[in-house]
Amino acid sequence: MKNEKMSKPKLLFWIDSSIIYFGIAKSIQDKLDAELFSIFELTDQPKSFFETQSILKFKEQWFYHDHIKKIKSEPDLNYLSEMEKKYEINLWRIAINERIFNDFKQFYRFSQDEILLILEQTCKFCEQILDKINPDFIIMPVPHQLHMYIFYQICKSRKIKLLILHPTHLGADKSLIISENWDKLDPIDQKKLEKFNSSNIIKQTTTSEDLKKSLSNIKLREKYSNYFLKSKKHYLKAAIKFLFSENSNQRTHYTYWGRTKIKVILSTILFRFRTKYRQYYINKNFKKTIPTKKPFILFTANQDMERILLIFAPYYTNQIEVIRHIAKSIPVDYCLVVKEHPLNDLRGWKNISKYNEISEIPNVHLLHPNFPINEIMEKCSLLITIRGSTAIEAAFYGKPCITFEKTGQIEIPSRFQIHDIHELPSIIRKALSTQVNINDVKKYLKSIEKLAIDFDKNGELSKAIDDNFYSGGFLRSQEIKEEKMLYILNNFSQEFDNAASAFIKKINELR
């Protein structure tokens, strides 16, 4: 029987303002004979570049926000109900946790019908595109907002192969993995894993001290968070551009409804004053040394209004209640130390009343967010977090961990997940008596190393994109110039080629 020539794979890209996936698509186009399609999620000014660019040829492309209109009509509840049944998704759970409907109420308060109409139009947009092209593969970032998560869920329900580039949760942003799920690895052949020639870092790891050294070796030299939204020069340039730019997004993007220039300016001024005042309170009242000589359990808080909670831990967004549950559940001879997330300054910190509420819980101590995580991890008996990278890092310090949602791509026996809040006291006691097996952590590391690709997504590449296109990340609605796009594509061609080769390998494996 003759081998039939395989048809060209149809690849649908989700491209957002990071531009990362545009660069990856360009490299894939250069290396693979495929039909390329794209969904763009952009503001008005960068959109004009992608409407006319000739660098990358898509067979067809759509701009998500063109299909979401502010209309006055009754939402079709029958359609939305059918969508929930058809794709097994809970639309209100997604909508109530959507940051645009919650965090930006100072600009616009969405009515219930407006939210339902946005859900309806988003679902119809996703179905229309998927019905039309029936893609073989979807290449997209980890979902971070309502529309992306709905698209992700619909694709999974339709059994369309998803290829998602996501971090390893080891603090190593330069080491990323491509898999069909955002929260776990694709199946690994254990025989191949045993034969895999891992790095000396893993081979030489025989003690807990070696584990801690290996963790520090895989961390980025310079974290993206160290410079993201930190430049005063870029901030001033962005402010001037914003003042003299056309503010069309408030008419065309529901994410910008109500964002008049005067509202944005006043909100920004208020945000900066509020953040400084709360920072002063934190510096004055939070502990800057380990606040107890008793054995203690460490709770590492998540950043507020982020996908880690809003999408991936939708029932644990009230972190104060989680802290209260933990405080009720710990043994009487332990205390609870709470460490605020250091990047919560990007959210203006919590309201001071919230911090007071935490500090008034008996047997709970608030630790300064800038206290070194390695020092507090060394001293704690157990780490608890809702989900996040500290759940993985705990094992490197020989500490058991409890999470409220699944964290990490591979299970580690010293990590426990809460499925029923009533189990919390017994699981805490079980975790406290659990020893971390160094071989379990080495297996985790080996699996990650085998599948990870070297792609500096949140390093110099993202910094260059923000600096060249978005005034250091302060203003996303700016016109993109072709010469600057070519500079990014050429200057970081090796990064994009590495990612493209990994995607193509995955495509060929799954075809």
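Computed from a prediction, not measured in an experiment: that's the story for all the values here. (Residues numbered from 1 in each chain as written. Predicted model: local features only at pLDDT ≥ 70, side-chain atom pairs only at ≥ 80, totals over all residues. Heavy atoms only, no water.)

Draft legend 1. Up close: the overall build of the chain. For the chain, the helix and strand inventory stands at 23 helices and 13 strands. In the chain, which comprises 511 residues, the share counted as buried stands at 53%. Of the contacts formed within the chain by residues at least 6 apart in sequence, a portion of 73% connects residues at least 24 apart. By element, 49% of the accessible surface of the chain is carried by carbon and sulfur atoms, the whole surface being about 24500 Å². (Helix = DSSP H or I, 4+ residues; strand = E, 2+ residues; numbered from the N terminus. Buried < 20%, exposed > 50% of the residue type's maximum accessible area, 1.4 Å probe, protein only. Contact = heavy atoms within 4.5 Å. Areas by Shrake-Rupley, 256 points an atom, 1.4 Å probe, with all protein chains shown as cover.)

Draft legend 2. Looking closely at the sheet that holds strand S12 (residues 415-417). As summarised here, the arrangement of the six strands in space is S9-S8-S7-S10-S11-S12, forming an open sheet in which the pairing is parallel. Only two strands of the sheet have a single neighbouring strand rather than two, namely strand S9 (364-367) and S12. In this sheet, adjacent strand axes meet at a mean angle of 25 degrees when their direction is disregarded. Bridge count for strand S7 (residues 296-300) against strand S10 (residues 382-385) is three bridges, and the pairing is parallel. If you follow isoleucine 297 over to S10, its bridge partner there is leucine 382. (Pairing = 2+ DSSP bridges. Axes fitted to C-alpha atoms, helices over the stretch in contact; angles between N-to-C directions.)

Draft legend 3. Structural context of the environment of alanine 502. With respect to the helices and strands, alanine 502 occurs in helix H23 (residues 493-510). Judged by relative accessible area, which is 16%, alanine 502 ranks as buried. Spatially, the C-alpha atoms of alanine 502 and leucine 451 are 9.5 Å apart, while their sequence positions differ by 51 residues. In contact with alanine 502, not counting residues within four places along its chain, are Ile178 and Ile453.

Draft legend 4. Broad picture of a nonpolar patch on the surface. On the surface, Leu236, Ile240, Leu243 and Phe244 cluster together into a nonpolar patch covering about 460 Å² of accessible area. By the secondary structure assignment, phenylalanine 244 is in the loop between helix H11 (232-243) and helix H12 (249-252). Accessibility expressed as a relative area gives 73% for phenylalanine 244, which makes it exposed. (Patch = residues over 30% accessible without salt bridge, like charges linked within 9 Å, V, L, I, M, F, W, Y side chains within 5 Å. Salt bridge = Lys/Arg side-chain N within 4 Å of Asp/Glu carboxyl O.)

Draft legend 5. Highlighting unusual backbone geometry. In this structure, glutamate 88 is a non-glycine residue whose phi angle is positive, near 55 degrees. Counting through the fold element by element, glutamate 88 comes out in the loop between helix H3 (77-87) and helix H4 (91-96). Even without glycine at this site, serine 471 takes up a positive phi of about 50 degrees. Here serine 471 is to be found in the loop between helix H21 (460-469) and helix H22 (482-491). Exposure remark for serine 471: the relative accessible area of 5% places this residue in the buried category.

Draft legend 6. Quick peek at the nonpolar core. Counting 47 residues, the largest nonpolar core has Leu12, Phe151 and Tyr254 as the members making the most contacts within it. It is helix H6 (residues 112-133) that contributes the most residues to this core, ten residues altogether. Not counting residues within four places of it along the chain, the set of residues in contact with tyrosine 254 comprises Tyr64, His65, Ile68, Ile100, Phe101, Phe110, Ile118, Leu146 and His147. Formed by 46 residues, the second largest nonpolar core is a distinct cluster that contains Phe40, Leu461, Phe469 and Ile504. (Core = buried A, V, L, I, M, F, W, Y, C linked by side-chain atoms within 4.5 Å.)

Draft legend 7. Spatial organisation of the side chain of histidine 65. By secondary structure assignment, the location of histidine 65 is in the loop between strand S3 (60-63) and H3. Setting aside anything within four residues of it in sequence, one finds histidine 65 in contact with Glu41, Leu42, Thr252, His253, Tyr254 and Thr255.

Draft legend 8. Representation of the pairing of S3. Examined bridge by bridge, strand S2 (residues 35-40) and S3 share four bridges and lie parallel to one another. Paired with phenylalanine 37 across the two strands is glutamate 60, which belongs to S3. The parallel pair S2 and S3, bridged by helix H2 (residues 44-52), forms a crossover whose chirality is right-handed. (Right-handed = clockwise from strand over helix to strand, strands pointing away.)

Draft legend 9. Structural detail: the packing of aromatic side chains. This model, assessed by the stated rule, comprises 21 aromatic pairs. Measuring from centroid to centroid gives 5.5 Å for tyrosine 108 and tryptophan 257, while their planes differ by 70 degrees, and the two rings are edge-to-face. Of the two residues, tyrosine 108 is situated in the loop between helix H5 (99-102) and H6 and tryptophan 257 in the loop between H12 and helix H13 (261-285); the sequence distance between them amounts to 149 residues. Judged on exposure class, the residue tyrosine 108 and its partner tryptophan 257 are both buried. Aromatic ring contacts, followed pair by pair, group Trp14, Tyr64, Phe101, Tyr108, Phe110, Phe125, Phe151, Tyr254 and Trp257 into a single cluster. The residue whose ring lies beneath arginine 259 is tyrosine 256, and the NZ or CZ to ring-centre distance is 4.9 Å. In this arrangement the basic side chain of lysine 261 is found over the ring face of phenylalanine 242, its NZ or CZ atom lying 5.8 Å from the centre. (Phe/Tyr/Trp six-rings, centres within 6.5 Å; stacked < 30°, edge-to-face > 60°. Lys NZ or Arg CZ within 6 Å of the ring centre and 35° of its normal.)

Draft legend 10. The arrangement of the pattern of salt bridges in detail. Counting across every chain of the model gives 21 salt bridges. In this structure, lysine 85 engages glutamate 82 in a salt bridge whose closest nitrogen and oxygen atoms are separated by 4.0 Å. Note that lysine 85 and glutamate 82 are positioned in helix H3 at a spacing of three residues, about one turn of the helix. Taking relative accessible area as the criterion, glutamate 82 reaches 45% and is therefore assigned partly exposed.

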